[in-house]
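# Inside the fold
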Amino acid sequence: EKNGESTPLKKELLSESESLWKFALVRDYGFEHAPNNSNGNNNNNSGDDQFYHSIRSPEDTNDETPFLRTSDVFKAPTAFSSWKHWRKIDRRIHSTRNPAAFIPRGERVVGPYFLRAASLWKKIEQWCENESSYKSIGREIQSSLLPGRGLDPNL
């Protein structure tokens, strides 16, 4: 590697690593296979884009931050980083289990469902915050939105 340039071998290894973590996202968190990116670069476009969207799970799980927020949605730099955040959410939801316990596939979170829900809630929040949205109705609706259940499937 000279002057920060990637060698062809390093690019190939990074591409293979990304592919493996994308398969893990498909297997573990319900993402769909995307067409192969034939040029081998990681520019996060087209069908591959879905793999890079994730949600940050707050580190503190006390009563102050028991819920995921729409502001926690982000675009991860790598498929591994995305997978890691989905795993944190999955482990948090299943926190009553032994951390080393296997979570059956049918009980794991489905990432695309969480992302669609976050997108819908973001639109509702934006509509409510928009001053031109039927005057004060948006503020009234927003004030009536109370947090739902925490990340405890036993509630």
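Look a little higher up for the structure.
Small disclaimer: the values here were computed from a predicted structure and weren't measured.

## What about the nonpolar core?
In terms of nonpolar packing, the biggest core is built from 15 residues, with L25, Y29, F31, F51, W86, I89 and V109 touching the most fellow members. Secondary-structure elements contributing two or more residues to this core are α1 (8-29) and α2 (79-93). With five residues, α2 is the largest single contributor of residues to this core. Those residues within four positions of I89 in sequence are excluded, and the remaining contacts are I55, S57, L68, V109 and F114.

## Considerations on the packing of aromatic side chains
Considering all chains together, one arrives at six aromatic pairs under this definition. Taken together, the ring pairs in this structure connect F31, F51, W86 and F114 into an aromatic cluster. The ring of F74 has R56 lying over it, and the distance from NZ or CZ to the ring centre is 3.9 Å.

## A closer look at the packing of helix α3 (residues 111-129) against helix α4 (residues 137-144)
Contact geometry of α3 with α4 gives a least axis separation of 7 Å together with a crossing angle of 135°. With respect to α4, the element α3 is oriented oblique. Only I137, G138, R139, I141 and Q142 of α4 make contact with α3, whose side of the interface consists of E125, W127, C128 and E129.

How each quantity is defined
Per-chain numbering applies: the sequence of each chain, read as written, is numbered from 1 onward. Where local features are concerned, this predicted model is filtered to residues with pLDDT of at least 70; where side-chain atom pairs are given and counted, the filter is 80 or more; whole-chain, interface and lining totals use all residues. Derived side-chain values reflect all non-hydrogen atoms in the structure, with water molecules and hydrogen atoms excluded from consideration. Joining through side-chain atoms within 4.5 Å is the link that ties buried Ala, Val, Leu, Ile, Met, Phe, Trp, Tyr and Cys residues into a set, and such a set is a nonpolar core. Buried means the residue's accessible area, taken with a 1.4 Å probe over protein chains only, is under 20% of the maximum for its type, while exposed means over 50%, and partly exposed covers the values in between. A run of DSSP states H or I qualifies as a helix once it reaches four residues; a run of E qualifies as a strand once it reaches two. Both are numbered from the N-terminal end. In this analysis, two residues are considered to be in contact whenever any of their non-hydrogen atoms come within 4.5 Å of each other. Pairs were defined over the aromatic rings of Phe, Tyr and Trp, the Trp ring being its six-membered one, requiring ring centres within 6.5 Å. Orientation was assigned from the angle between planes: stacked under 30 degrees, edge-to-face over 60, tilted for the rest. In this scheme, Lys NZ or Arg CZ marks a charge over a ring once it lies within 6 Å of the ring centre and within 35 degrees of the ring normal. Axis definition: a line fitted to C-alpha atoms, over the contacting stretch in the case of helices. Angles run 0 to 180 degrees between N-to-C directions. Working definition: roughly parallel below 35 degrees, roughly antiparallel above 145 degrees, roughly perpendicular at 65 to 115 degrees, and oblique for all remaining angles.

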